[in-house]
Amino acid sequence: MNTTIILDGYNVIHSWPELNRLKEENLAHARDKLREFMAGYGAFKGYQVVLVFDAHQSPANAASEVQDGVAVVYTGEGQTADSYIEKLAYGLVRQRQTVYVVTSDWAEQIAVLGAGAFRISSRELYHDCMTNLQQMASEYAENVLNYRRNEVGTRLSTDVMKKLDKMRRT
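Report on the accompanying structure.

1. Examining the overall build of the protein chain
So, step 1. Scanning the protein chain for helices and strands turns up 7 helices and 6 strands.
So, step 2. Taken from the N to the C terminus, the helices and strands of the protein chain come in the order β-α-α-α-β-β-β-α-β-α-β-α-α.
So, step 3. Counting the 170 residues in the protein chain, one finds 34% classified as buried.
So, step 4. Relative to all contacts within the protein chain whose residues are 6 or more apart in sequence, the contacts with residues 24 or more apart total 51%.

Right under this line is the structure:
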């Protein structure tokens, strides 16, 4: 994969209506839902997905893990998600990868554009994801229906089909 999409996780959660409502009940659940959703989106688009969550105001140590093909990063004490994203985007662009950064933070958008990455607002990603979700549903539903069809006519030669049709009509 030569394309990476990096998301400012909390920025996206606050921007997407469903996740914003969910975070009020359980922030961890909202993070998991975003990760699950982005796993499907990344697989469909062929993107490597990196979710970055801010922990600069908490005493937690930095941590990272890969779940469902999505790299999830929690920044450490004293490090913002923005600074982590800028550094990661800069490094990936220098490795000649196409990099998209998802944030609605204007200052962050300017910084990643300066690093050579592309910016996508959280709202733009939301609309793209909804469009892709509908496209995936229609494409895969059609393929599954065709796949499960088990008609006799697909297994018989034309001559046999003609003979059977003749018998059926008499």
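2. Re the packing of aromatic side chains
Two aromatic rings, taken as a pair, are described by how far apart their centres are and by the angle between their planes.
So, step 1. On inspection of all chains with the given rule, the structure shows 7 aromatic pairs.
So, step 2. Both rings, one in Trp16 and one in Phe37, keep their centres 5.8 Å apart while their planes meet at 85 degrees; by these two values the pair is edge-to-face. Taken together, the residues span a long stretch of sequence, with Trp16 in the loop between helix 1 (9-15) and helix 2 (17-25) and Phe37 in helix 3 (residues 27-45) at a distance of 21 residues.
So, step 3. In this structure Trp16 comes out as buried when scored by relative accessible area, which is 3%.
So, step 4. Ring pairs connect the aromatic residues Tyr41, Tyr47, Tyr100 and Phe118, which therefore count as one cluster.

3. Things to note about the nonpolar core
So, step 1. Ranked by internal contacts, the top residues of the largest apolar core, which has 24 residues, are Ile5, Leu7, Trp16, Leu34, Met38 and Leu125.
So, step 2. Of the residues forming this core, the biggest block, 5 residues, is contributed by helix 3.
So, step 3. With 13 residues, the next largest nonpolar core counts Ile6, Ala81, Leu92 and Ala117 among its residues.

4. Looking at the pattern of salt bridges
Note that side chains of opposite charge can pair when their charged atoms are close.
So, step 1. This model, assessed by the stated rule, comprises 7 salt bridges.
So, step 2. A salt bridge links Asp68 to Arg35; its shortest N-O distance comes to 2.3 Å. Highlighted residues: Asp68 in the loop between strand 3 (63-67) and strand 4 (70-74) and Arg35 in helix 3, separated in sequence by 33 residues.
So, step 3. Using a relative accessible area of 9% as the deciding quantity, one classes Arg35 as buried.

5. A word on unusual backbone geometry
Most peptide bonds adopt trans geometry, and most residues besides glycine take a negative phi value.
So, step 1. Residues other than glycine seldom take positive phi values, yet Asp68 does so here, at roughly 55 degrees.
So, step 2. Owing to a relative accessible area of 54%, Asp68 belongs among the exposed residues under this scheme.
So, step 3. Phi at Arg96 is positive, roughly 65 degrees, even though this residue is not glycine.
So, step 4. For Arg96, the position within the fold is in the loop between helix 4 (81-94) and strand 5 (98-102).

6. Some remarks on the side chain of Thr4
So, step 1. Relative to the helices and strands, Thr4 resides in strand 1 (residues 3-8).
So, step 2. Separated by 2.7 Å, the side chains of Thr4 and Gln97 make a polar contact.

What counts and how
- Residues numbered from 1 in each chain as written.
- Predicted model: local features only at pLDDT ≥ 70, side-chain atom pairs only at ≥ 80, totals over all residues.
- Heavy atoms only, no water.
- Helix = DSSP H or I, 4+ residues; strand = E, 2+ residues; numbered from the N terminus.
- Buried < 20%, exposed > 50% of the residue type's maximum accessible area, 1.4 Å probe, protein only.
- Contact = heavy atoms within 4.5 Å.
- Phe/Tyr/Trp six-rings, centres within 6.5 Å; stacked < 30°, edge-to-face > 60°.
- Core = buried A, V, L, I, M, F, W, Y, C linked by side-chain atoms within 4.5 Å.
- Salt bridge = Lys/Arg side-chain N within 4 Å of Asp/Glu carboxyl O.
- Polar contact = N/O pair within 3.5 Å; in protein donor to acceptor, adjacent residues only side chain to side chain.

Honestly, that's just the spatial picture; any functional story needs more than this.
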